[in-house]
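One-letter residues, chain by chain:
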Amino acid sequence: MKRLLPALFLLSFSAAVCAENELEIQAANFFRDLKAASPNLSERLKQDPVLWDKMISAAIPGMIPAEKQNPTAPKEKAPLYPARLIAQNTIFYARLDRIDEESLQKLMAEMRITARIANRPVGAILDLRSADNGDFDSVARFVALFTPQPEKKMHFFQKIPLAVLCGKKTNGPAELLTILLERSRLGISLGETGAGNSLPRKETVINGRKWLVPELPDFAKDVPLGKHTPMIECTAYPQIPFEQIGKISIENDPAIRRATDLLRSLHAIRRK
């Protein structure tokens, strides 16, 4: 069985390359190819739900049986925080606990104000370590905020280095935002591995069973499946309560301290 499984995985994946609904078709092809290649093995696995689920999840990361999704109560909207200048006013710090249109508009307003001050910061930090809700539709607009446009003059925050703090509580849209900023070379992620729910899931019936299949939005077709590991791994917590930002030393928050050192170093290199 161990020798047969890798070949089945490859067969399933190759059949779905360039498909429009790629993951959904991958899943359907996987069931079809498995049954065609080894009917007895297919029937044997169906009689062992635990092994069957592990096999499917290994073949298509992020795909899970619908009945295994943990029910969650609707979350209250996280508060919106004003931006702060930290580290002797050299670093722009913005904590986002949710990713949605409202938080985007607030961040844009804070960035416009900061860009007009005399002594502007040398780097920016987006703190997503507690961002566990929001909507995926807003992610692309957050990325666009830091993406230079050929036909437009670069604004201030597209010229300075960006650090994105993430951790085990970074979930859903925030985890996807972290990945896209890093893969687009717009920011450097620091912290710990995220929750692993960086893509929305759609319920789909495949082979007579309901599955939750990750959806790949047009702006995130190349996003790796599974949990995201930051570019720079460091201790993500404890996270200073926002009310204490600027009042106590950043030494109390190892991730902020690490990001600040990094941004200042990058600024010094650029000046040379």
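Here the structure is a predicted model, which is why all the values come from computation and not from measurement. (Residues numbered from 1 in each chain as written. Predicted model: local features only at pLDDT ≥ 70, side-chain atom pairs only at ≥ 80, totals over all residues. Heavy atoms only, no water.)

Visitor: It is not clear to me how the overall build of the protein should be interpreted in this structure. Could you clarify?
Guide: When helices and strands are tallied, the protein shows eight helices and 11 strands. With 272 residues in all, the protein has 47% of them scored as buried. The long-range fraction of contacts in the protein, counting pairs at least 24 apart against all pairs at least 6 apart in sequence, stands at 73%. Within the structure as shown, the protein displays about 14,700 Å² of accessible surface, and the carbon and sulfur contribution to it stands at 52%. (Helix = DSSP H or I, 4+ residues; strand = E, 2+ residues; numbered from the N terminus. Buried < 20%, exposed > 50% of the residue type's maximum accessible area, 1.4 Å probe, protein only. Contact = heavy atoms within 4.5 Å. Areas by Shrake-Rupley, 256 points an atom, 1.4 Å probe, with all protein chains shown as cover.)

Visitor: Looking at this structure, how should I read the packing of aromatic side chains?
Guide: Within this structure, the stated rule accounts for three aromatic pairs. Here F156 and F157 contribute two aromatic rings whose centre-to-centre distance is 5.1 Å and whose plane-to-plane angle is 80 degrees, an arrangement assigned as edge-to-face. Judged on exposure class, the residue F156 and its partner F157 are both buried. Here a set of aromatic residues connected by ring pairs shows up, and it is made of F92, F156 and F157. The lysine or arginine in question, K169, covers the ring of Y237, its NZ or CZ lying 5.3 Å from the ring centre. (Phe/Tyr/Trp six-rings, centres within 6.5 Å; stacked < 30°, edge-to-face > 60°. Lys NZ or Arg CZ within 6 Å of the ring centre and 35° of its normal.)

Visitor: Explanation requested: helix α5 (residues 101-115) in the structure shown.
Guide: For an α-helix the count is 3.6 residues per turn, leaving residues at separations of three or four pointing the same way. Compared with an ideal rise of 1.5 Å per residue, which puts 15 residues at 21 Å, α5 spans 21 Å between its outermost C-alpha atoms and is within 8% of the ideal. Looking only at α5, the buried set comprises S103, L104, L107, M108, E110, M111 and T114. The arc that holds every buried residue of α5, seen down its axis, measures 165 degrees, which confines them to one face. Buried-residue contacts for α5 involve β2 (84-86), β3 (91-95), β4 (98-99), β5 (123-127) and α6 (139-145). (Expected span 1.5 Å × (residues − 1). Arc of directions from axis to C-beta.)

Visitor: Got a minute to help me understand the pairing of strand β7 (residues 162-166) in this structure?
Guide: Each regular strand displays side chains that alternate between the two surfaces of the sheet. Counting buried positions along β7 yields five of five residues, so the element is predominantly enclosed. By the alternation rule, side chains of β7 split into L162, V164 and C166 and A163 and L165, which are all buried. Of the pairings in the sheet, the one linking β5 to β7 comprises four bridges and is parallel in character. Note that in β7 the partner of L126 across the bridge is V164. Where β7 and strand β8 (residues 188-191) come together, four bridges link them in parallel fashion. (Pairing = 2+ DSSP bridges.)

Visitor: It is not clear to me how the state of the cysteines should be interpreted in this structure. Could you clarify?
Guide: Where two cysteines share a covalent bond between their sulfur atoms, that bond is called a disulfide. Tallied over the full model, the rule gives zero disulfides. We note that C166 lacks a disulfide partner, and the nearest cysteine sulfur, in C234, lies 8.2 Å from it. (Disulfide = S-S within 2.5 Å.)

Visitor: Even after reading the chapter, I still don't get unusual backbone geometry, so can you show me in this structure?
Guide: Working note: non-glycine residues mostly have negative phi, and peptide bonds are mostly trans. Across the junction of Y237 and P238, the peptide omega takes the value 10 degrees, indicating a cis bond. A positive phi angle is found at Q88, which is not glycine, with a value near 55 degrees. Checked against the element boundaries, Q88 lands in the loop between β2 and β3. Q88 gets classed as exposed once you look at its relative accessible area, which sits at 66%. With a phi close to 60 degrees, R185 is a non-glycine residue in the positive phi region.

Visitor: Any chance you could explain the side chain of S138 here in plain terms?
Guide: Within the secondary structure, S138 sits in the loop between β6 (133-134) and α6. Side chain to side chain, S138 and D135 meet in a polar contact 2.7 Å long. Beyond its immediate chain neighbours, meaning those up to four positions away, S138 contacts I99, D100 and E101. (Polar contact = N/O pair within 3.5 Å; in protein donor to acceptor, adjacent residues only side chain to side chain.)

Visitor: What's the story with the side chain of S130 in this structure? I'm lost.
Guide: Residue placement: S130 occurs in the loop between β5 and β6. Given a relative accessible area of 16%, S130 falls into the buried group. If sequence neighbours within four positions are ignored, S130 has contacts with R95, D97, K169 and Q239.

Visitor: Please explain the sheet that holds β7 as it appears in this structure.
Guide: The strands making up a sheet associate through backbone hydrogen bonding, with each pair oriented either parallel or antiparallel. Pairing in this open sheet of six strands is mixed, and the strands run β2-β3-β5-β7-β8-β11 from one edge to the other. Two strands close off the open sheet at either side, each with one partner strand: β2 and β11 (232-233). Helix α7 (residues 173-183) rests against β5, β7 and β8 of the sheet, and its axis sits at about 150 degrees to β7. (Axes fitted to C-alpha atoms, helices over the stretch in contact; angles between N-to-C directions.)

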